[in-house]
Structures are given as structure tokens and as C-alpha cells.
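Here are the chains, one letter per residue:
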Amino acid sequence: MSGDGRRLLKRGRTVGHPSIWVEERPTGPVLVKTWEERPRWERATLGRWLAGREAAALRAAAGIPGVPGLFGRPMPWRIEMELLAGTPFPTRHREGKLPPAYFDRLWAALAEMHRRGVNHGDVRRKNLLVLGAGRDEPGLFDFTQSLLRSGPAALAWSLLVAVDRVRFLQLKRESCSDGLAPEELREWEARPWFTRLGHWLRARVYRPLKHAVFPRGKRKPNDVDQ
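Residues numbered from 1 in each chain as written. Predicted model: local features only at pLDDT ≥ 70, side-chain atom pairs only at ≥ 80, totals over all residues. Heavy atoms only, no water.

**Considerations on the sheet that holds strand E1 (residues 6–10)**
Basically, it comes down to this: Note on pairing: DSSP must find at least two bridges between two strands before they are called paired. Numbered from the N terminus, helices here are DSSP runs of H or I no shorter than four residues, and strands are runs of E no shorter than two. Orientation is described by lines fitted to C-alpha atoms, with helices fitted over the stretch in contact, and by angles between N-to-C directions that extend from 0 to 180 degrees. Whether two residues are in contact is decided by their heavy atoms: any pair within 4.5 Å suffices.
Here five strands make up an open sheet; going across it, the order is E1-E2-E3-E5-E4 and the pairing antiparallel. This sheet does not close on itself; its edge strands, each paired only once, are E1 and strand E4 (70–75). Strand-to-strand twist in this sheet, taken as the mean axis angle between neighbours without regard to direction, amounts to 25°. Here strand E2 (residues 19–25) pairs with strand E3 (residues 28–34) via seven bridges, running antiparallel. Counterpart to Ser19 in the pairing with E3 is Thr34. Across the face of the sheet, helix H1 (residues 40–60) comes into contact with E3, E4 and strand E5 (78–82) while running at roughly 155° to E4.

The following block contains the structure:
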């Protein structure tokens, strides 16, 4: 914890990545995502755009269980939100599996988001938390890839919803103690071709390239996945 009551969770070291802090305030802890430490050109363009996109998504999803509340956007490239108190989603094959109720509630949250016209866009382990002592309450964060149906995304809205659904089924298939229900398994096996292609590109192209350019061993001690 720094002397001004801030604790760094992640330093934004690459283009588009914000620094993430927890600030202690009289009303309680606040999670801050900010691009203010990035170069001026990036702060005024990409940082402003990503902060605005996430803030819009959080406003649209306000009140949905497991979605952090938005406190404000005091600067164009900075957003402040509720800090969800929970534990990271279990690592595959290492930390056990979650009960079916967790996934029931997770899909209920995503479905309500879709009904309100906002997708998540990046449903995966690193963007999920486990809330509550019963390990059956989900927490969702990192909405920087979310889009609103009211904008240009309307043209591809059904595809965006399908991607959220397939990523959800993948998580449940791998991490639910009961696996997929029969109808969900049929849905998984019939998933759209473009989601299969996206999975292949992420596994075979994006991740190897990312690890080649930014090796894990070069991360600083205060960096955590967010």
C-alpha cells in the first residue's frame, strides 16, 4: 500500500493496457482503471475510447448481480468502480471445480446483459471471480471489450451474443462439477464455425505471439492478471 492509500494491482506496460489500483476512501475501497500513465497520444485516443466503452457497458449492466457498480469517470481516460470481494476463478485442472449453481447464476447475469443490449466480449477465467462462501456466486469484470447493441454492434449483435454463449459453455464444460447438461452438450457440439476459428487463432497464434513478445518471466512482481 502506498502512502496515499493506493494499492497497485497491475501496471499498464503495453499499448491499450491501463494501470489498475485499489484506492482506500472513507466510503470503502474503490477499483480504479486509468490510462493516465500511458503516453499522451495513447491516453487521449485509445485510453479515452476504452474507458468510455467500459463505462457505457457498466451503466447498461447496472444492478445485475456480479457486475461491479460504476462510481464515475472523473477523467476521460479513468474509470472508478466497485471492488468485488472474491477469489479468482479456479485454474483449469488444478483447483477443483465449481458447483452448477455458479454457472446458472453466471448465465443469468450474461443473459440479462444481452437483454439490456450489452455483451461482455471476453468471458474467460481471468475475467471472473468466485464470490460468497458457497462458491456459487459469480463476479464479472473487465468490460473493455463490451459493445452496446444501440451502436454499430447492432449489425453483428447475434454473433456477439453467440460468442458469449460459446465461451460460457466452454467454461462450464471444463470447470463445472456436473459438466454440461445434455442439451448444452448438443449446443456445444453444434457451435458456430467462427467461434471454433476464434478459439484456434487464440490458442495457436495470439498466445504464442504474446508469450514471445512479453515472456512471463519478464513480468514485474506487482503485475497480476486482470
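**Thoughts on the nonpolar core**
We count it as follows: Residues belong to one nonpolar core when they are buried, are Ala, Val, Leu, Ile, Met, Phe, Trp, Tyr or Cys, and are joined through side-chain atoms within 4.5 Å. With a 1.4 Å probe rolled over the protein chains alone, any residue whose accessible area is under 20% of its type maximum counts as buried; one over 50% counts as exposed, and the rest are partly exposed.
Counting residues in hydrophobic clusters, the biggest one holds 37 residues, and the most contacted among them are Tyr102, Phe103 and Met113. Put simply, the parts of the chain that give this core at least two residues each are E2, H1, E5, helix H2 (100–116), strand E7 (128–131) and helix H3 (157–175). Per-element accounting of this core gives the leading share, six residues, to H2. Here Met113 is in contact with Ala61, Ile64, Val67, Val118, Asn119, His120, Leu140 and Phe143, once residues within four sequence places are set aside.

Such coordinate-based values are descriptive only and should not be taken to indicate function.
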